[in-house]
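Next come the chains, spelled out residue by residue.
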Amino acid sequence: MAPTPPVVVLSGPSGTGKSTLLKRLFAEHPDSFGFSVSHTTRAPRAGETDGVEYHFTTPEKFQELVNSNAFIEHATFAGRSYGTSLAAVRDVTSKGRACILDIEMEGVKQVKKKPELNAKFVFVKPPSVEELEKRLRGRGTESEEAVQKRLGQALKELEFAETPGIHDKIIVNGDLDRAYKELDEYIMAQLK
Ligand code: ADP
Ligand code: 5GP
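Residues numbered from 1 in each chain as written. Chains lettered and ligands numbered in written order. Predicted model: local features only at pLDDT ≥ 70, side-chain atom pairs only at ≥ 80, totals over all residues. Heavy atoms only, no water.

Mind showing me how you'd approach the overall build of the protein chain here?
Looking only at helices and strands, the protein chain has seven helices and nine strands in total. On C-alpha atoms alone, the protein chain measures out to a radius of gyration of 16 Å, which is about the 16 Å that the 2.2 N^0.38 rule sets for 192 residues. Expressed as lengths along the three principal axes of its C-alpha atoms, the size of the protein chain is roughly 50 × 40 × 35 Å. The buried share of the protein chain, reckoned over its 192 residues, is 46%. Partitioning the intrachain contacts of the protein chain with sequence separation of at least 6 by distance along the chain shows that 66% fall at a separation of at least 24. Surface exposure of the protein chain reaches about 10300 Å², of which carbon and sulfur atoms provide 51%. Side-chain charges of the protein chain comprise 27 positive and 28 negative groups, with the mean position of each set lying 1 Å from the other. (Helix = DSSP H or I, 4+ residues; strand = E, 2+ residues; numbered from the N terminus. Rg over C-alpha atoms; globule rule 2.2 N^0.38 Å. Buried < 20%, exposed > 50% of the residue type's maximum accessible area, 1.4 Å probe, protein only. Contact = heavy atoms within 4.5 Å. Areas by Shrake-Rupley, 256 points an atom, 1.4 Å probe, with all protein chains shown as cover. Lys, Arg positive; Asp, Glu negative; His and termini not counted. Charge placed at Lys NZ, Arg CZ, Asp CG, Glu CD.)

When you look at the site of ligand 2 in this model, what are you seeing that I'm missing?
Among the 16 residues in the neighbourhood of ligand 2, the closest are listed as Ser38, Arg42, Tyr54, Tyr82 and Asp102. Between an oxygen atom of ligand 2 and a side-chain N or O atom of Tyr54, the distance comes to 2.5 Å. Contacts to ligand 2 include Ile103, whose backbone N or O atom sits 3.4 Å from an oxygen atom. In the complex, 95% of the free accessible area of ligand 2, which totals 510 Å², lies under the protein chains. The set of elements that each furnish at least two residues to the shell around ligand 2 consists of strand S5 (71-77) and strand S6 (80-85). (Near = heavy atom within 4 Å. Polar contact = N/O pair within 3.5 Å; in protein donor to acceptor, adjacent residues only side chain to side chain.)

Whenever I open this one, the nonpolar core confuses me. Can you help?
What tends to happen in soluble globular proteins is that the nonpolar side chains get buried as a cluster. The biggest cluster of nonpolar side chains holds 17 residues, and the ones touching the most others in it are Leu25, Phe33, Ile100, Val122, Leu183 and Ile187. Put simply, the parts of the chain that give this core at least two residues each are strand S1 (7-11), helix H1 (18-28), strand S7 (98-102), strand S8 (119-125) and helix H7 (176-190). Looking at which element gives the most residues to this core, the answer is H7, with five residues. If we ignore the near neighbours within four places in the chain, the residues touching Leu183 are Leu10, Leu21, Val122 and Ile171. (Core = buried A, V, L, I, M, F, W, Y, C linked by side-chain atoms within 4.5 Å.)

Sorry, what's going on with the environment of Ala43 here?
For Ala43, the location among the structural elements is in the loop between strand S3 (38-40) and strand S4 (54-56). Given the relative accessible area of 56%, Ala43 is considered exposed. Distance from Ala43 to Tyr54, taken between C-alpha atoms, is 9.9 Å for residues 11 residues apart in sequence. For Ala43, the contacting residues outside a window of four places in its chain are Glu48 and Phe56.

So this is what it looks like as structure tokens:
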């Protein structure tokens with residue numbers, strides 16, 4: 001039987017560049033990886049499509065999924081619910097592709113408690129908190145209130161990432177090309 005494809009968990013403060021790096025990874029290796037499409041109760045941003053970036057859902061439906069144990073992990077972030085369903089991961093691994101999760105720290109803690117997923121953990125760090133704030137505002141997707149919530153959460157994520165043994169790889173996303181190369185090399189090595 002073919003071995004189960006690996007699961008790679010990417011985390012890091014909102015605005016640090018996770019989606020940018022992942023878009024490039026998926027474009028360069030379309031047959032090697034798949035994205036775990038999470039459920040969320042936040043509203044879609046311009047350009048986001050239901051079923052692609054997220055399964056956009058209502059708080060009621062999200063709660064039903066929680067009650068039926070559909071999620072391998074779920075958490076509240078900036079006042080909205082987010083969760084990874086087992087189905088989302090299986091959708092990818094059943095095609096023989098490595099599954100990439102983009103989740104926040106409470107989700108990381110929960111996935112850590114599931115050794116059967118055999119996950120690797122990558123943390124994407126901004127070069128500084130000032131640069132993070134610039135990127136978050138520059139993206140132009142959040143209200144001022146949401147930017148403040150995300151920055152507050154960013155400090156917790158950065159502190160959590162200091163815990164020894166949490167992450168298998170930490171990448172500073174200063175220069176995008178350099179960060180991408182590091183991510184690409186690390187993730188491709190997991191496929192061997
Ligand atoms: P995340 O998915 O971590 O929330 P995004 O990928 O949406 O972050 O990136 C946030 C913003 O920062 C986007 O506008 C993106 O174009 C920009 N960005 C990402 N990486 C870099 C980088 N290395 N240098 C400068 N800007 C970047
Ligand atoms: P955004 O709203 O910017 O897309 O995501 C906000 C935060 O939620 C990011 O840190 C992202 O990694 C995290 N996130 C996205 N999907 C999930 C999920 O399924 N579970 C958890 N725990 N966090 C998620």
